[in-house]
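Notes for the structure review
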Amino acid sequence: MNKSLIYSVLLLLVAVLNTACDVPYGVLNQDDMAAVLTDIHLTEALVGQQYSYNDYGTKRACFESVFQKHGITRDEFNESLDWYAHHPKAFADVYVVTVAQLGQKRADVEAYLYHPEANPERRHVIDSIDVWTRPQRLFADSTCYDTLRFELADSLLLVGTERY
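Scope of this entry: the structure provided in the associated data block. (Residues numbered from 1 in each chain as written. Predicted model: local features only at pLDDT ≥ 70, side-chain atom pairs only at ≥ 80, totals over all residues. Heavy atoms only, no water.)

**Section: the overall build of the protein**
Along the backbone of the protein there are five helices and zero strands. The N-to-C order of helical and strand elements in the protein reads α-α-α-α-α. Sequence-distant contacts in the protein: of pairs separated by 6 or more residues, those separated by 24 or more amount to 69%. Accessible surface for the protein amounts to roughly 12500 Å². Of this, 56% is attributable to carbon and sulfur atoms. (Helix = DSSP H or I, 4+ residues; strand = E, 2+ residues; numbered from the N terminus. Contact = heavy atoms within 4.5 Å. Areas by Shrake-Rupley, 256 points an atom, 1.4 Å probe, with all protein chains shown as cover.)

In C-alpha cells form, the structure reads like this:
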C-alpha cells in the first residue's frame, strides 16, 4: 500500500471517530484545529530552519498569515489551544489528524507533487506566506531612478507577470 493511501485512510478514520466530540462556541472544531496546527508546524519549520529571522516582527507576520489563511485571529487560536490543553483526549485526537496531515504533505513532497516543473498542472496547489511587512513600493531620492525593472527568463515558477 502506498503511504498516501494509508495517511488518507487514517485521516478519514480519525475524522469519523471525532465527530462525537463537542467543543464550546468560539473553540475551533477538531478538523479546523488540526488544519491550523499543521500549518503552524510547517511555518515553524520554515522560520526555524530555512531562514534566519531574528526579528520578532517577521516571525509574527509568518504566523499571522497562517491565521489569516484559516480566517481566524490569534486570540481565537489561543482560546482554542487553551481549551484543548484542558481536554487532553480531544487534543490527542487533534494531533493524530495533524500528524497524518503532515505525513501526507511529506509524502506529497517526496512524490514531487508540489514541484511546478515536474507537475505543472498542480501549480495552483502551491501555498505561500506573505512575510513582506513593509510597504510594497520603493522610492528613490533621485527622479531619474523612479522605475525598477527586472526579468526572469525561462522560469516556470511565475504564473503571469507582476509589476512593482
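**Details of the packing of aromatic side chains**
Enumeration over the complete set of coordinates arrives at four aromatic pairs. Grouping aromatic residues by their ring pairs yields a cluster made of Trp 83, Tyr 84, Phe 91 and Tyr 95. (Phe/Tyr/Trp six-rings, centres within 6.5 Å; stacked < 30°, edge-to-face > 60°.)

**Here's the deal with the environment of His 70**
With respect to the secondary-structure elements, His 70 resides in the loop between helix 3 (56-69) and helix 4 (74-85). It is 9.5 Å that separates the C-alpha atoms of His 70 and Asp 39, two residues lying 31 residues apart in sequence. In contact with His 70, other than residues within four places in its own chain, are Ala 35, Val 36 and Asp 39.

**Thoughts on helix 3**
Taking 1.5 Å of rise per residue, the 14 residues of helix 3 would be expected to cover 20 Å, and the 20 Å separating its terminal C-alpha atoms lies within 8% of that figure. Taken together, the buried positions of helix 3 are Thr 58, Ala 61, Cys 62, Phe 63, Ser 65, Val 66 and Phe 67. Positive backbone phi, approximately 70 degrees, marks Gly 71, located one or two places after helix 3. (Expected span 1.5 Å × (residues − 1). Buried < 20%, exposed > 50% of the residue type's maximum accessible area, 1.4 Å probe, protein only.)

**A short note on the pattern of salt bridges**
All chains considered together, the criterion is met by four salt bridges. The partner of Glu 64 in a salt bridge is Arg 74, and the shortest N-O contact between them spans 2.8 Å. Of the two residues, Glu 64 sits in helix 3 while Arg 74 sits in helix 4, which places them 10 residues apart along the sequence. Classification of Glu 64 by relative accessible area gives partly exposed; the value is 28%. A residue is classified by how much of its surface remains accessible, and Arg 74, at 24% relative accessible area, is partly exposed. (Salt bridge = Lys/Arg side-chain N within 4 Å of Asp/Glu carboxyl O.)

**Examining the nonpolar core**
A general trend in soluble globular proteins is that nonpolar side chains are found buried together. Counting 18 residues, the largest nonpolar core has Met 33, Val 36, Ile 40, Phe 77, Tyr 84 and Val 94 as the members making the most contacts within it. Counting only elements with at least two residues in this core, the list comes to helix 2 (30-50), helix 3, helix 4 and helix 5 (88-110). Examining the composition of this core, we find that five residues originate from one element, helix 2, more than from any other. Apart from residues no more than four positions distant in its own chain, Val 94 is found in contact with Gln 30, Met 33, Ala 34, Leu 37 and Tyr 84. (Core = buried A, V, L, I, M, F, W, Y, C linked by side-chain atoms within 4.5 Å.)

**Quick word on the side chain of Asp 108**
Here Asp 108 is to be found in helix 5. There is a polar contact of 2.8 Å between the side chain of Asp 108 and the side chain of Gln 104. (Polar contact = N/O pair within 3.5 Å; in protein donor to acceptor, adjacent residues only side chain to side chain.)

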